[in-house]
Amino acid sequence: MECYPLRLCPAFKDNLWGGQKLKTEYHKKTEMTPLAESWELSCHRSGCSTIENGPCAGMTLPDYLARFPAAAGSRCAAFAAFPVLFKLIDAKDKLSVQVHPSDDYALREEGQYGKTEMWVVLEAEPGAELIYGFKAPITKEELRRRIEEGALLEVVNRVPVHPGDVFFIEAGTLHAIGAGIVIAEIQQSSDLTYRVYDYDRRDAQGNPRELHIEKALAVTDLGPAHPKAFDRTPHREGDAEVSRLGSCGYFTTDRIRLAGRCARSVDGGSFEGLFCASGSAALRAGGERMTLEKGQTVFLPAGLGEYLLEGEAECLSIRV
Ligand SMILES: [Zn+2]
């Protein structure tokens, strides 16, 4: 009764740097303006998803998984809490320069998990760029001085971005999303962010946002960025090309480029989150049939078994 594809309704965030694209391009239904983030598949206390369809409609995802823990999958059982958070980010303006701690530091100092994340660029305006680590190794003293003097941006590594680009941001990597970018972010379920530089911006009340310089100095990797190398060569599954975009101990993300039909399955090891980034596809599992439109995320419970995708679409698949 509880094992069917769950259509998820996200939690929304209205940070000042957000825009309107999640509403106009990704069909998010909310009055919130600006709309910065939609937390699509989330069990985090700062914003969790709600089930929209079927017998469990109206239940939050964490309530559902508390009642039916096998639906998360056996590999999730190794974690004290549901390990993954999947969100969309519309950065009309740039985000602060920031860093996230590793599990070691975060569990010791903050009593929650750290944050490794990966980004799949969905849209990027011409000239859009992001910050990813430093250009060259830097000492902690120089980093502190540059933060204090507002001269940090001279030493950061700027990377131009294009739709389809993938970035794996390990905990400890200094980073910032630039303006004019829409990103799908797959991350550990944590909201620990140490802000290093905020372009001297003020909020609606005229106050600068808090910086976390000492904590950031304690966790920032001082070497140049060293992107993890992944083999992203696609393989065929029916009429789909599937490539592994990134994988770590917390999550694995695949891209599915579908042009026709493709049979897949969900075993007992992990749930599968399916996000439709463009196009649309029909999804059939057991007796259920639903349409997956651009912007929609579904949660396929672990142990669901075989399902069928049919249509012209690009999807992201997220598992543990
Ligand atoms: Zn981040």
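Below or above, wherever it landed, is the structure these notes cover.

Quick notes on the rules
Per chain, residues are indexed from 1 in the order of the written sequence. A pLDDT threshold of at least 70 governs which residues receive local features in this predicted model, and a stricter bar of 80 or more applies before side-chain atom pairs are shown or counted, although totals over entire chains, interfaces and linings include all residues. Here the side-chain values reflect all heavy atoms present in the structure, with hydrogen atoms and water set aside. Buried residues are those whose accessible area, probed at 1.4 Å on protein chains only, stays under 20% of the maximum for their type, while exposed residues exceed 50% and partly exposed ones sit between those limits. Each helix is a run of DSSP H or I of at least 4 residues and each strand a run of E of at least 2, with the numbering of both proceeding from the N terminus. The criterion for strand pairing is that DSSP finds at least two bridges linking the strands in question. Here the arc refers to the directions that run from the helix axis out to each C-beta atom. We call two residues contacting when some pair of their heavy atoms lies within 4.5 Å. Donor selection uses N, O and S atoms within 2.8 Å of the metal (3.2 Å for Na, K and Ca). Since no water is included, sites may look incomplete. Think of it this way: a Phe, Tyr or Trp ring, Trp meaning its six-membered ring, pairs with another when their centres are within 6.5 Å, and the plane angle makes it stacked under 30 degrees, edge-to-face over 60, tilted otherwise. To sit over a ring, a charge needs its Lys NZ or Arg CZ within 6 Å of the ring centre and within 35 degrees of the ring normal. By salt bridge we mean one thing: a side-chain nitrogen of Lys or Arg within 4 Å of a carboxyl oxygen of Asp or Glu.

Before going further, it helps to spend a moment on the pairing of strand β7 (residues 84-91). The element β7 is extensively covered by neighbouring structure, given that eight of its eight residues are classed as buried. Burial of β7 is two-sided: the residues V84, F86, L88 and D90 facing one way and the residues L85, K87, I89 and A91 facing the other way are all buried. One ladder, built from four bridges, connects strand β3 (residues 37-41) with β7; its direction is antiparallel. What sits directly across from W39, in β7, is K87.

In this section: helix α4 (residues 140-149). Among the residues making up α4, those that are buried are L143, R146 and I147. In an axial view of α4, the angular spread of the buried residues amounts to 100°, which keeps them on one side of the axis. Facing away from the buried side of α4 by over 90 degrees, the exposed positions are E141, E148 and E149. Buried residues in α4 make contact with β10 (129-134), β15 (194-197) and α5 (213-219). Within two residues after α4, G150 carries a phi angle of roughly 70°, on the positive side.

The zinc ion binds to the protein through Q98 (OE1), H100 (NE2), E117 (OE) and H175 (NE2); the donor distances cover 2.1 to 2.8 Å. Ordering the donors of the zinc ion by residue number gives the pattern Q-x1-H-x16-E-x57-H. Of this pair, H100 sits in the loop between β8 (97-99) and α3 (103-109) while E117 is found in strand β9 (residues 117-124), placing the two residues 17 residues apart along the sequence. Each member of the pair, H100 as well as E117, is classed as buried.

Moving on, we come to the packing of aromatic side chains. Following the criterion strictly, the structure yields twelve aromatic pairs and no others. Between the aromatic rings of F82 and F271, the centroid separation amounts to 5.1 Å while the plane-to-plane angle is 40°, which identifies the pairing as tilted. Remark: F271 occurs in the loop between β18 (252-266) and β19 (272-285) and F82 occurs in the loop between α2 (61-67) and β7; sequence separation between them is 189 residues. Assessed through its relative accessible area of 0%, F271 is described here as buried. Taking the centre distance of 5.1 Å and the plane angle of 55° together, the rings of Y197 and Y199 count as tilted. In this structure, Y197 and Y199 share a single accessibility class: buried. An aromatic cluster of at least three residues, connected via ring pairs, comprises Y64, F68, F82, F271 and F299. A cation over an aromatic ring shows up here: K13 above the ring of W39, its NZ or CZ 4.6 Å from the ring centre. Over the face of the ring belonging to Y26 we find K294, whose NZ or CZ atom lies 4.7 Å from the ring centre.

Another aspect to go through is unusual backbone geometry. As a rule of thumb, non-glycine residues mostly have phi less than zero, and peptide bonds are mostly trans rather than cis. A cis amide bond, omega -10°, links T33 with the succeeding residue P34. By secondary structure assignment, the location of P34 is in the loop between α1 (21-24) and β3. In this model, H27 sits at a positive phi of 60°, which is unusual for a non-glycine residue. Mapped onto the elements, H27 comes out in the loop between α1 and β3.

For the rest of this paragraph, the subject is the side chain of S96. Within the secondary structure, S96 is located in the loop between β7 and β8. Looking at S96, the relative accessible area reads 2%, which means it is buried. Beyond its immediate stretch of four places on either side in the chain, S96 contacts H175, A176, R195, Y197, D198, Y199, R201 and R209.

Within the structure shown, the criterion is met by 26 salt bridges. Note that E125 and K21 form a salt bridge whose closest N and O atoms lie 3.5 Å from each other. Taken together, the residues span a long stretch of sequence, with E125 in the loop between β9 and β10 and K21 in helix α1 at a distance of 104 residues. By relative accessible area, E125 is classed as partly exposed at 42%.

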